[in-house]
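# Observations on the three-dimensional arrangement
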Amino acid sequence: MSKPKVVILGAGYGGLVTTIRLQKQIRSGELDVILVNKHDYHYITTHLHMPAAGTDHHDNARVEISELIDERKVRFVKSTVKQILPQEKKVVLSDEILSYDYLVVGLGSETETFGIPGMKEYAMSIKSINSVRFIRQHIEYMFAKYKMQPHRKDYLTFVVGGAGFTGTEFVGELADRIPVLSRTYDVDPAMVKIFNVEASPSALPPGLPSDLVEYGMDVMRRKGVQYKLAAPIKECTSEGVILGNGEFIRSATVIWSGGIRGNSLLEQAGFDVQRGRVKVDTYLRSFQYPEVFITGDCSIVMDRDGSPYPANAQIAVQQGYNAARNLISAVRNKPLKPFVYDYKGTVASLGRGEAVGLLKVKKVKGKFAALLKKVIDARYLFLIGGIPLVWKKMIFKQKATT
Ligand code: FAD
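Note that this is a predicted model, so its numbers are computed, not measured. (Residues numbered from 1 in each chain as written. Predicted model: local features only at pLDDT ≥ 70, side-chain atom pairs only at ≥ 80, totals over all residues.)

## What about the overall build of the protein?
Looking only at helices and strands, the protein has nine helices and 25 strands in total. A compact globule built from 402 residues would reach a C-alpha radius of gyration of about 21 Å, and the protein, at 22 Å, matches this within 12%. Seen along its three principal axes, the alpha-carbon backbone of the protein occupies a region of about 75 × 45 × 45 Å. The buried share of the protein, reckoned over its 402 residues, is 46%. (Helix = DSSP H or I, 4+ residues; strand = E, 2+ residues; numbered from the N terminus. Rg over C-alpha atoms; globule rule 2.2 N^0.38 Å. Buried ≥ 20, exposed ≤ 12 C-beta atoms within 10 Å, placed from the backbone.)

## Examining the domain arrangement of the protein
The assigned domain composition of the protein is domain 1 (5-38 + 79-111 + 260-343) and domain 2 (119-256). Its C-alpha centre places domain 1 at a distance of 34 Å from the equivalent point of domain 2. (Domains from an automatic or database assignment.)

## With respect to the environment of A144
Looking at the element boundaries, A144 is found in helix 4 (residues 129-148). Each C-alpha atom, one on A144 and one on L156, is 10.0 Å from the other, the two residues being twelve residues apart in sequence.

## Structural notes on the sheet that holds strand 2 (residues 32-37)
Strand order in this open sheet of five strands is 5-2-1-9-21, and the pairing throughout is parallel. In the strand order of this sheet, the two ends are held by strand 5 (74-78) and strand 21 (292-294), each with one partner. Geometrically, the sheet is characterised by an average inter-axis angle of 20° between neighbouring strands, direction not taken into account. Pairing between strand 2 and strand 5: five bridges, direction parallel. Considered in strand 5, the bridge of L35 is made with F76. (Pairing = 2+ DSSP bridges. Axes fitted to C-alpha atoms, helices over the stretch in contact; angles between N-to-C directions.)

## Some thoughts on the UniProt feature "domain: FAD/NAD(P)-binding" (unreviewed entry) in the protein
With numbering matched to this structure, UniProt assigns "domain: FAD/NAD(P)-binding" (unreviewed entry) to residues 5-320. Annotated as residues 5-320, this span is 28% helix and 27% strand, and its ends, taken at the C-alpha atoms, are 17 Å apart. (UniProt positions renumbered as here; feature names shortened; annotations may be inferred.)

## Some points on the environment of L156
Structurally, L156 is set in the loop between helix 4 and strand 11 (157-161). With 39 residues separating them in the primary sequence, L156 and F195 have C-alpha atoms 11 Å apart. Discounting chain neighbours no more than four positions away, the residues touching L156 are M142, Y146, V187, M191, V192 and K193. (Contact = placed C-beta atoms within 7 Å.)

## What about the sheet that holds strand 25 (residues 362-365)?
Pairing is antiparallel across the open sheet formed by three strands, whose spatial order is 23-24-25. Each edge of the sheet is formed by a strand with only one pairing partner; in this case those strands are strand 23 (346-349) and strand 25. Strand after strand, the sheet turns through a mean of 10° between neighbouring axes, direction not considered. Note that strand 23 and strand 24 (residues 355-359) share four bridges and pair antiparallel. Each residue of the ladder has a partner; that of V347, found in strand 24, is G357. Helix 6 (residues 210-222) rests against strand 24 and strand 25 of the sheet, and its axis sits at about 165° to strand 24.

## Section: helix 5 (residues 165-184)
Taking 1.5 Å of rise per residue, 20 residues should cover 28 Å, and helix 5 covers 29 Å from first to last C-alpha, within 8% of that figure. Taken as a whole, helix 5 carries its principal kink of about 30° at R177; the proline P179 stands between one and four residues after it. Burial runs high along helix 5: 14 of the 20 residues are buried. Directly after helix 5, the chain includes D186, whose backbone phi takes a positive value near 55°. (Expected span 1.5 Å × (residues − 1). Bend = angle between axes of the 7 residues up to and from the residue.)

## As for the confidence of the model for the protein
Per-residue pLDDT for the protein averages 96, and the proportion of residues at 70 or more is 99%. Confidence estimates for the predicted assembly give a pTM of 0.95 and an ipTM of 0.97. (pLDDT = per-residue confidence, 0-100.)

## Observations concerning the environment of K73
Relative to the assigned elements, K73 resides in the loop between strand 4 (62-64) and strand 5. Every residue in contact with K73, bar those within four places of it in the chain, is listed here: Q23, I26 and V33.

## A short note on the pairing of strand 7 (residues 90-93)
The two faces of the sheet receive side chains in turn, since in a regular strand these alternate between them. Pairing of strand 6 (residues 81-85) with strand 7 involves four bridges; the strand directions are antiparallel. The residue of strand 7 that forms the bridge with L85 is K90. Between strand 6 and strand 7, which follow one another and run antiparallel, lie four residues, and K89 among them has a positive phi close to 55°. Examined bridge by bridge, strand 7 and strand 8 (residues 97-99) share three bridges and lie antiparallel to one another. Counted as the bridge partner of V92 is I97 from strand 8.

## Remarks on the packing of helix 1 (residues 13-25) against helix 8 (residues 313-331)
The interhelical angle for the contact between helix 1 and helix 8, taken along N-to-C directions, is 35°, at an axis separation of 7 Å. Where helix 1 crosses over helix 8, the two elements pack in a sense that is right-handed. Touching Y13, G14, V17, T18, R21, L22 and Q25 of helix 1 are A313, A316, V317, Q319, G320, Y321, A323, A324, L327 and I328, all from helix 8. (Left-handed = near helix turned anticlockwise from the far one by under 90°.)

## Let's talk about the pairing of strand 12 (residues 193-197)
In terms of burial, strand 12 is a largely internal element, four of the five residues being buried. Where strand 11 lies against strand 12, five bridges are found, and the strand directions are parallel. Within strand 12, the residue paired with F158 across the bridge is I194. For the segment spanning strand 11, helix 5 and strand 12, crossover handedness is right-handed. (Right-handed = clockwise from strand over helix to strand, strands pointing away.)

## Things to note about unusual backbone geometry
Positive phi is not limited to glycine here, since D186 has a value of about 55°. One can find D186 in the loop between helix 5 and strand 12. What makes D186 exposed here is the crowd of 8 C-beta atoms within 10 Å.

So, in structure tokens, the structure goes:
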């Protein structure tokens, strides 16, 4: 009898954790497991704001997949998913077609621009190793260009759209990087402007109490960040951004972190989606195709009040655990276990040595919160690669080059 075949799409938080848990738990010969990812490395998305700003090397934010999987139990296919055909139980990759008995979709998110004119064309976003290498080079190039054309103040004006998790963490790093770049390129740091523009009246990740938001904004302001709150971006052009009140910020650099939507492959495959994300059942399966499990940013899980939990790495990891367990139960004809999200809290970095967060109900800030953030990062590395990976990525890490 042929073994059931599980195909896992995406080696991000959800897909990778599903794979690692499966390989730990399956018996020899019980399942064929295939992991598909477009790169041969896993990137630690929660770390990307640092290489994007240039305060850390991008290699510290990625791990070779071959270091993480047991190739006797999992076949890794480096390829791009082009199409999902749920009715035929097939997946079309750039160079082959895979059939499956069970599918796990963990293909992450795409940038949501809410139809803001010019945003797709002129803004950059922090999404992958490739995108952060580009952003880092671009920022540095702006300093070099300014020295050649000192009348172009827009080269030293940086606009970050969105003051949620990604925007806040990136702005904190960027502000830390400015003194270094200013020294390297003989630029007066006072010439550099960083605007963090946000449509809602408050900055920092939603859900933080107002005193922590104030604390975080004070830290940022001391580093030179200027906030524009309740200021939706109406249009992005090749010369800057136009805000809802008509104000124009002339800038040669716009980084957009204002929203995400699920991977468009799901919508193209005919799944019922809301902003590209699929509402899953209590076992993380598609309501339309129960052999398809969906994790991370591609999925929507509702809380007790019927509102969707925010998409983040924490929920994606927990979903990975649950999906692996339920796949094994499905194969062994055992009852599945409902997914229950255990929200442990959130900590947002504000740059070097500063962070704010909420652990369940306990507020944390300053150096202690920054340390906690490092512990959270280390915990994830330990989970996927044990102590050697923590050692490699946190102790003997690559140095940023300037
Ligand atoms: P991802 O981790 O995005 O992985 C998707 C994978 O699919 C990637 O490996 C990608 O290469 C692959 N892929 C995509 N398309 C294809 C294709 N067509 N073919 C093959 N492979 C494909 N969350 C937190 O909880 N805490 C934080 O501190 C935090 N900070 C963040 C900071 C930044 C800068 C960003 C951008 C996000 C942050 N998040 C944070 C959010 C968190 O990173 C995401 O919610 C999480 O990565 C989602 O995991 P995932 O498994 O759905 O997808």
